[in-house]
Amino acid sequence: MIVSIYRFRDVMLLKCDGLCSSSNTETITTILKKQKCVKNCMNKKFSEVVHPSYYVKSDFESRKTYSFLQYAYFKIGDLKSAYEAVITNLKYNEDDSMMKKNERYYGKRIIKEHVMLREPLTSVDLIRSAISHYSSKNYHAAVDEFKQSLEALLKEIPECKRLCSITYDNDSRNVPSIAESLDFYDQFAKIYGSVAECRYDCMEKYNSKLSGDEDYLPALLNFLQFSAFKAGDVVLAAAAAKTHLAISPSDVTMANNLKYYAAKTAEIDALPGVIDLLSSNSHDTDLLTTIVGKREMKRRLKNKMKVILGDTRSLDDLVLDSDTITWNL
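Residues numbered from 1 in each chain as written. Predicted model: local features only at pLDDT ≥ 70, side-chain atom pairs only at ≥ 80, totals over all residues. Heavy atoms only, no water.

Draft legend 1. A look at the overall build of the protein chain. What the protein chain contains, in helices and strands, is 14 helices and 0 strands. Helices (α) and strands (β) of the protein chain occur, in sequence order from the N terminus, as α-α-α-α-α-α-α-α-α-α-α-α-α-α. Here the protein chain, with 329 residues, has 41% of them falling under the buried criterion. Here the contacts in the protein chain between residues at least 6 apart in sequence split such that 74% fall between residues at least 24 apart. (Helix = DSSP H or I, 4+ residues; strand = E, 2+ residues; numbered from the N terminus. Buried < 20%, exposed > 50% of the residue type's maximum accessible area, 1.4 Å probe, protein only. Contact = heavy atoms within 4.5 Å.)

Shown next, in the form of structure tokens:
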């Protein structure tokens, strides 16, 4: 119940944020007005608005609360619900050895036929299912789920970024002490730096969800373009390839793929929404670089693809010809 309430809180915050958005230009005045508006909106929705600490939010967001839930179900003898809580926990905490042990324990004692996860499907769930279809060479099913995974990602990341701004926690862990500096702008920069860090991590946290060297978004686009090609949808394959090159313009294989597609279809457009996401990532990275410095950002971005930087150079500048491609997936 408490997990559902926490999730509902985020839903209502996003709704209040939408109702309070009146300007595309952020100034200190618009930020303060919006913060007051969101606060009043939440007070109308709830009789008492609780502001959880950083540590409480961290436990909810990592889904560690399901470890307590599974134990409670176990104590009342509801092993099926305990098992569902365990597999939901493992979805977000794959290396938890105790939960793996509990999964084996419950798995031997229940009928798994009607078991379900206790969280809605995410982009990560969908891409893993799609990769399973891909591995079985069921390319039509893979295309459908890769597309759904991308659509989910383009919804999840903007929501994550919005929540960073409107749920800045008041835990003393993050709020700079007045004793540190009496300079208002220094205080404001430190607070906004925490928000910028949170927004930056919205994309970064996906990169640990897949095995291999490629980051999450380019890997998703790579799978999508090849699956679409194998399923006979050259237009979609071309769009995915062109979008991939916006992230990693030095990818020779993908450039060759795009040349091949260019000979097969008259017009190639990038996938809608992805370029806007890259632009947003670029803005967040520039802001964070201003706050933490170029050296620190170079350290963070070492061995990272430009999906974090958001290389939004003109896609129309790509030179296309009809060379035959070599697939290396």
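Draft legend 2. Quick peek at the packing of helix H7 (residues 123–135) against helix H10 (residues 216–230). Running from N to C, H7 and H10 point in directions that differ by 35 degrees, and their axes come no closer than 11 Å. Relative to H10, H7 is oriented so that their crossing is left-handed. Of the residues in H10, those in contact with Ser123, Val124, Ile127, Ile131 and Tyr134 of H7 are Tyr216, Leu220, Phe223, Phe226 and Ser227. Here the contact of H7 with H10 is composed, by residue class, of 8 nonpolar, 2 polar and no charged. (Axes fitted to C-alpha atoms, helices over the stretch in contact; angles between N-to-C directions. Left-handed = near helix turned anticlockwise from the far one by under 90°. Nonpolar A, V, L, I, M, F, W, Y, C, P; charged D, E, K, R; others polar.)

Draft legend 3. The arrangement of unusual backbone geometry in detail. Phi at lysine 137 takes a positive value of approximately 60 degrees, unusual for a residue other than glycine. Locating lysine 137 in the fold gives a position in the loop between H7 and helix H8 (139–166).

Draft legend 4. Examining a nonpolar patch on the surface more closely. A surface patch of nonpolar side chains, about 290 Å² in accessible area, is lined by Tyr71, Phe74 and Tyr105. The residue tyrosine 71 is located in helix H4 (residues 65–75) in this model. On the accessibility criterion, tyrosine 71 (47% relative accessible area) is partly exposed. (Patch = residues over 30% accessible without salt bridge, like charges linked within 9 Å, V, L, I, M, F, W, Y side chains within 5 Å. Areas by Shrake-Rupley, 256 points an atom, 1.4 Å probe, with all protein chains shown as cover. Salt bridge = Lys/Arg side-chain N within 4 Å of Asp/Glu carboxyl O.)

Draft legend 5. View of the pattern of salt bridges. Within the structure shown, the criterion is met by 8 salt bridges. Across the pair lysine 80 and glutamate 84 runs a salt bridge whose closest N-O atoms are separated by 2.9 Å. Placement of both lysine 80 and glutamate 84 in helix H5 (residues 79–92) is noted, with a separation of 4 residues, approximately one turn of the helix. Where salt bridges share partners, they join Asp17, Lys34 and Arg162 into one cluster.

Draft legend 6. Structural context of the state of the cysteines. Inspection of every chain in the model, using the stated rule, returns 4 disulfides. The disulfide bridge from cysteine 16 ends at cysteine 41, spanning 2.0 Å between sulfur atoms. Between cysteine 16 and cysteine 41, the disulfide has an S-S torsion of -75 degrees and is therefore left-handed. Taken together, the positions of cysteine 16 in helix H1 (residues 2–20) and cysteine 41 in helix H2 (residues 28–45) put the pair 25 residues apart, joining distant regions of the chain. Note on accessibility: cysteine 16 and cysteine 41 belong to one class, buried. Covalently, cysteine 20 is tied to cysteine 37 through a disulfide, its sulfur atoms 2.0 Å apart. Judged by the torsion about the S-S bond (-80 degrees), the cysteine 20/cysteine 37 disulfide is left-handed. (Disulfide = S-S within 2.5 Å.)

Draft legend 7. Inspection of the confidence of the model for the protein chain at higher detail. Overall, the predicted model of the protein chain reaches an average pLDDT of 79, with 78% of residues at or above 70. Helix H3 (residues 54–61) is the least confidently modelled element of the protein chain, averaging 72 in pLDDT, while H10 averages 95, the highest of any element. The low-confidence segment residues 305–329, where pLDDT is below 50, has 75 contacts with residues more than four positions distant or belonging to other chains. (pLDDT = per-residue confidence, 0-100.)

Draft legend 8. Summary view of helix H12 (residues 252–262). Taken together, the buried positions of H12 are occupied by Met254, Asn257, Leu258, Lys259 and Tyr261. As for H12, its buried residues are in contact with H10 and helix H11 (234–247). The backbone nitrogen of threonine 253 lies 3.2 Å from a side-chain oxygen of the residue at the head of H12, namely aspartate 251. (Polar contact = N/O pair within 3.5 Å; in protein donor to acceptor, adjacent residues only side chain to side chain.)

Draft legend 9. Region of the structure containing the nonpolar core. The biggest cluster of nonpolar side chains holds 43 residues, and the ones touching the most others in it are Phe146, Leu150, Tyr216, Leu217, Leu224 and Leu271. In contact with tyrosine 216, other than residues within four places in its own chain, are Ser123, Val124, Ile127, Ser149, Leu153, Tyr206, Asn207, Lys209 and Leu210. (Core = buried A, V, L, I, M, F, W, Y, C linked by side-chain atoms within 4.5 Å.)

Draft legend 10. Just the packing of aromatic side chains, in detail. Inspection of the entire model under this criterion finds 14 aromatic pairs. Aromatic side chains phenylalanine 74 and tyrosine 105 sit 6.2 Å apart centroid to centroid with 75 degrees between the ring planes, which places their arrangement in the edge-to-face category. Here the residue phenylalanine 74 occupies a position in helix H4, and tyrosine 105 occupies one in helix H6 (residues 97–107), the gap between them amounting to 31 residues. When the ring of tyrosine 134 is compared with that of tyrosine 139, the centres are 5.9 Å apart and the planes differ by 80 degrees; the resulting orientation is edge-to-face. The pair formed by tyrosine 134 and tyrosine 139 is uniform in burial state, with each residue classed as buried. Put simply, the rings of Tyr134, Tyr139, Phe146, Phe223, Phe226, Phe229, Tyr260 and Tyr261 touch in pairs and so form one group of aromatic residues. (Phe/Tyr/Trp six-rings, centres within 6.5 Å; stacked < 30°, edge-to-face > 60°.)

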